[in-house]
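Report on the structure
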Protein chains: 2
Amino acid sequence: MSIGPIAFAGAGLDRADQIRSDADALTGLMDWRARLLRLDGLDPVIDPDGNLAWGTLADAASDSELVFLGLTGGKACFAEVSPALLGSVAPANPRLWAAMSALEHAELATYGTARALVDWHARHRYCARCGNPTVLAKGGWQRTCTNNVCKAEHFPRVDPVTIMLVEFEDQLLLGRQPRFPPRRFSALAGFVEPGESIEEAVAREVKEEAGVTVRDVSYVGSQPWPFPSSLMIGCHAHAMGRDLEVDRTELDEADWFTREEVAHAMSGAEDGRFIAPPPQAIAHHLLKWWLEK
Amino acid sequence: MSIGPIAFAGAGLDRADQIRSDADALTGLMDWRARLLRLDGLDPVIDPDGNLAWGTLADAASDSELVFLGLTGGKACFAEVSPALLGSVAPANPRLWAAMSALEHAELATYGTARALVDWHARHRYCARCGNPTVLAKGGWQRTCTNNVCKAEHFPRVDPVTIMLVEFEDQLLLGRQPRFPPRRFSALAGFVEPGESIEEAVAREVKEEAGVTVRDVSYVGSQPWPFPSSLMIGCHAHAMGRDLEVDRTELDEADWFTREEVAHAMSGAEDGRFIAPPPQAIAHHLLKWWLEK
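Residues numbered from 1 in each chain as written. Chains lettered and ligands numbered in written order. Predicted model: local features only at pLDDT ≥ 70, side-chain atom pairs only at ≥ 80, totals over all residues. Heavy atoms only, no water.

Quick notes on the overall build of chain A
Tallying secondary structure elements over chain A gives seven helices and 15 strands in all. Over its C-alpha trace chain A gives a radius of gyration of 21 Å, about what one expects of a compact globule, namely 19 Å for 293 residues. The C-alpha extent of chain A, read off along each of the three principal axes, is 60 × 50 × 30 Å. Looking at chain A as a whole, 57% of its 293 residues qualify as buried. Total accessible area on chain A is roughly 12400 Å²; 51% of this is exposed by carbon and sulfur atoms. (Helix = DSSP H or I, 4+ residues; strand = E, 2+ residues; numbered from the N terminus. Rg over C-alpha atoms; globule rule 2.2 N^0.38 Å. Buried < 20%, exposed > 50% of the residue type's maximum accessible area, 1.4 Å probe, protein only. Areas by Shrake-Rupley, 256 points an atom, 1.4 Å probe, with all protein chains shown as cover.)

Encoded structure:
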């Protein structure tokens, strides 16, 4: 059994990667038919029908860079990296969540891809190897160093993150990060580090954050998460015991929750022991999967 | 059923992440007892007993940066980012593979972690946001921009890569990359892009590289791969048909192989239709898993 359709996955665009490296084809697509995703900073602009708002390339500032998102219905879709964005880091905010809730599945995925790419370009203006400026290349799927001695190629970053349900005697280990809304608990999570497998990252994070040793780590499902550009890797593991030693620098709190408590929170109720993560988050789908399995 | 112990996973070191952010604890560990991994460029140095060779911090150049790898038996282990390495990119080479074959499992994992981190530091000397120099921070698990207006924090990169066995009527789709040794075929693979799940990345790559549509993508196992720092995510999928349209810019060749042909190659034989990937590669473990399932 796997998790169902998940927010930010399932874009309706054909990424058409063969066009990225074909300068003539790419230029040929950049005409009056091409669509430009409208963004308010990094947030989406929603049209009166509740869809993503699109303009044309004529709407782009003359000093903007353009990212090729892909093709839909024969039309090329682009997003703009405007100079106003440069260097910014914009966290997800309540207004953004409301806008995103309005979007249907494929549009949310297109927006997520655009946001992750535009944000990466805005924060990667210089070559990490030599410090010289870089320029957009391959339709925005690369940046290249302008220093002719260096010429380093840089690629959009995707950071793998493990997020895991840890189970012991039919109870689940959930935690509260300091940045969570009041009473929200969710699955523990952490970045995969150089030199470790997914399974090792899961075991290390649970040990670090909650002092719990796990066995039998298994994969459940994945999700792209554009804040700024993570790959969420949802897993399940069994705990070797229920004693907790919570790392208070990472978590405000962590505890075990019964099946009934999880089911109550997942029903949308806010009067139980905790409030469940929102449907856009893979943690929500992991909890649903656990209740149904 | 999952894949067995795999090269570069399973390091014997405790990463002791709480020490990374604790400057006093870190300084306290940097004494005469600390061990410094000996490296020849980015390659390992093997001692007469066939183990990784270690020195002390006194062996490090005065202008080197030190990366804290973790603890073993109460001793802190470090690796050196020497100025001589800066900006280098060193691909895996035959001499390196011979050296790595000599190492036992946990030592190979420690080496892989050290290599990925040292290589990242060598190629990330400047701030991608503002172009100013960066300095090592948190025991080498971060670099921080020296420009007081920027102060951007940069973290070691891990690039998720999908690698997949595609099956149709008990035959497997394997391909030959231009850089492979003669007659070597292996599983198709490609980087996960911003805005896609693992399952979507698998489907896109197989479509792009071989023209094949897949269904029912499932996860098999994962591996850290330190060339330079990938997370290999091994998957299985079913093809919807056997017609191929191979992208010759990505692959020299791709074709279907029977169970007998795969078993013959995996026995080590070199007189069959193809030569199997080496045991260090997750592709080898995926093929073994497929034969046994």
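Looking at helix α5 (residues 198-210) of chain B
With 13 residues, α5 of chain B extends 18 Å between its outermost C-alpha atoms, agreeing within 8% with the 18 Å of an ideal straight helix rising 1.5 Å per residue. G211 of chain B sits one or two residues past α5 of chain B and shows a positive phi near 70°. (Expected span 1.5 Å × (residues − 1).)

Quick notes on the pattern of salt bridges
Residue and element names in this part refer to chain B. For the structure on display, the rule yields 42 salt bridges over all chains. In this structure, the salt-bridge partner of E65 is R143, at a minimum N-O distance of 2.8 Å. Here E65, found in strand β5 (residues 65-72), pairs with R143, found in strand β8 (residues 142-145); they are 78 residues apart in sequence, far enough to count as distant. A relative accessible area of 15% means that E65 is categorised as buried. Relative accessible area serves as the criterion here: at 1%, R143 is assigned to the buried category. (Salt bridge = Lys/Arg side-chain N within 4 Å of Asp/Glu carboxyl O.)

Comments concerning the relation of the copies chain B and chain A
Once chain B is rotated about the relating axis by 180° and shifted along it by 0.0 Å, it coincides with chain A to within an RMSD of 0.0 Å. Seen this way, the second copy is the image of the first under a two-fold rotation axis. (Least-squares fit on C-alpha atoms with pLDDT ≥ 70 in both.)

Some remarks on the confidence of the model for chain A
Averaged over all residues, the pLDDT of chain A equals 94, while 98% of them reach at least 70. We note a pTM of 0.97 for the whole complex and an ipTM of 0.97 for its interfaces. (pLDDT = per-residue confidence, 0-100.)

Re the interface of chain B and chain A
Listed per partner, the contact involves 45 residues of chain B and 45 residues of chain A. Counting the surface chain B buries against chain A, the share from its top three residues, R129, R157 and P194 of chain B, is 18%. Between the two partners, chain B and chain A, sit six salt bridges. As a salt-bridge pair, R15 of chain B and E196 of chain A come within 3.8 Å of each other at their nearest N and O atoms. Applying the counting criterion to the chain B and chain A interface returns 24 residue pairs in polar contact (both at pLDDT 80 or more). Those elements giving two or more residues to the side of chain B that touches chain A turn out to be α1 (17-20), α4 (105-123), α5, β13 (214-225) and β14 (230-239) of chain B. The dominant element in the side of chain B that touches chain A, judged by the number of residues it contributes, is α5 of chain B, at five residues. In the side of chain B that touches chain A, the residues fall into 22 nonpolar, ten polar and 13 charged. (Contact = heavy atoms within 4.5 Å. Buried area = accessible area lost by both parts, 1.4 Å probe. Polar contact = N/O pair within 3.5 Å; in protein donor to acceptor, adjacent residues only side chain to side chain. Nonpolar A, V, L, I, M, F, W, Y, C, P; charged D, E, K, R; others polar.)

Description of the packing of aromatic side chains
For any pair of aromatic rings, the description rests on two quantities: the centre-to-centre distance and the angle between the ring planes. Here the structure, examined in full by the defined rule, presents 21 aromatic pairs over all chains. Between F8 of chain A and W225 of chain A, the aromatic rings sit 5.4 Å apart at their centres with planes inclined by 90°, giving edge-to-face as the arrangement. With F8 of chain A in the segment before α1 (17-20) and W225 of chain A in strand β13 (residues 214-225), this pair connects stretches of sequence that are 217 residues apart. Seen in terms of ring centroids, F168 of chain B and W256 of chain B are 6.2 Å apart; in terms of plane orientation they differ by 50°. Their pairing is tilted. (Phe/Tyr/Trp six-rings, centres within 6.5 Å; stacked < 30°, edge-to-face > 60°.)

Digging into the domain arrangement of chain A
All names here are of chain A. Domain annotation of chain A identifies domain 1 (17-123), domain 2 (125-157) and domain 3 (159-292). For domain 1 versus domain 2, the separation of C-alpha centres amounts to 21 Å. Tallying the contact residues gives 15 residues for domain 1 and 13 residues for domain 2. Taken together, both faces of the contact between domain 1 and domain 2 bury some 1200 Å²; the carbon and sulfur share is 62%. Counting the surface domain 1 buries against domain 2, the share from its top three residues, R20, W120 and H121, is 48%. At the junction of domain 1 with domain 2, the criterion picks out two salt bridges. For the side of domain 1 that touches domain 2, the elements supplying multiple residues, two or more each, are β5 (65-72) and α4 (105-123). For the side of domain 1 that touches domain 2, the leading source of residues is α4, giving six residues. When the residues that make up the side of domain 1 that touches domain 2 are grouped by side-chain class, the tally is nine nonpolar, three polar and three charged. (Domains from an automatic or database assignment.)

Re the sheet that holds strand β6 (residues 75-81) of chain A
Residues and elements named next belong to chain A. The sheet built from four strands is open, its strands ordered β4-β1-β6-β5 with mixed pairing. Two strands lie at the open edges of the sheet, namely β4 (54-56) and β5, each paired on one side alone. Taken over all neighbouring pairs, the strand axes of this sheet differ in orientation by 40° on average, direction set aside. Relative to β6, β5 is paired through seven bridges, and the arrangement is antiparallel. Residue L66 lies in a different strand from β6, and its bridge partner there is E80. Strands in contact with α4 are β1 (35-37), β4, β5 and β6; relative to β6, the strand with the most contacts, it is inclined by about 40°. (Pairing = 2+ DSSP bridges. Axes fitted to C-alpha atoms, helices over the stretch in contact; angles between N-to-C directions.)

Let's talk about unusual backbone geometry
Residues and elements named next belong to chain A. Residue F227 is joined to P228 through a cis peptide bond whose omega torsion reads 0°. Looking at where P228 falls in the secondary structure, it is placed in the loop between β13 and β14 (230-239). Its identity as a non-glycine residue notwithstanding, A16 has a phi of 45°, on the positive side. Along the chain, A16 falls in the segment before α1. Unusually for a residue other than glycine, K138 sits at a positive phi of about 45°. Within the secondary structure, K138 is located in the loop between β7 (134-137) and β8 (142-145). Exposure remark for K138: the relative accessible area of 40% places this residue in the partly exposed category.

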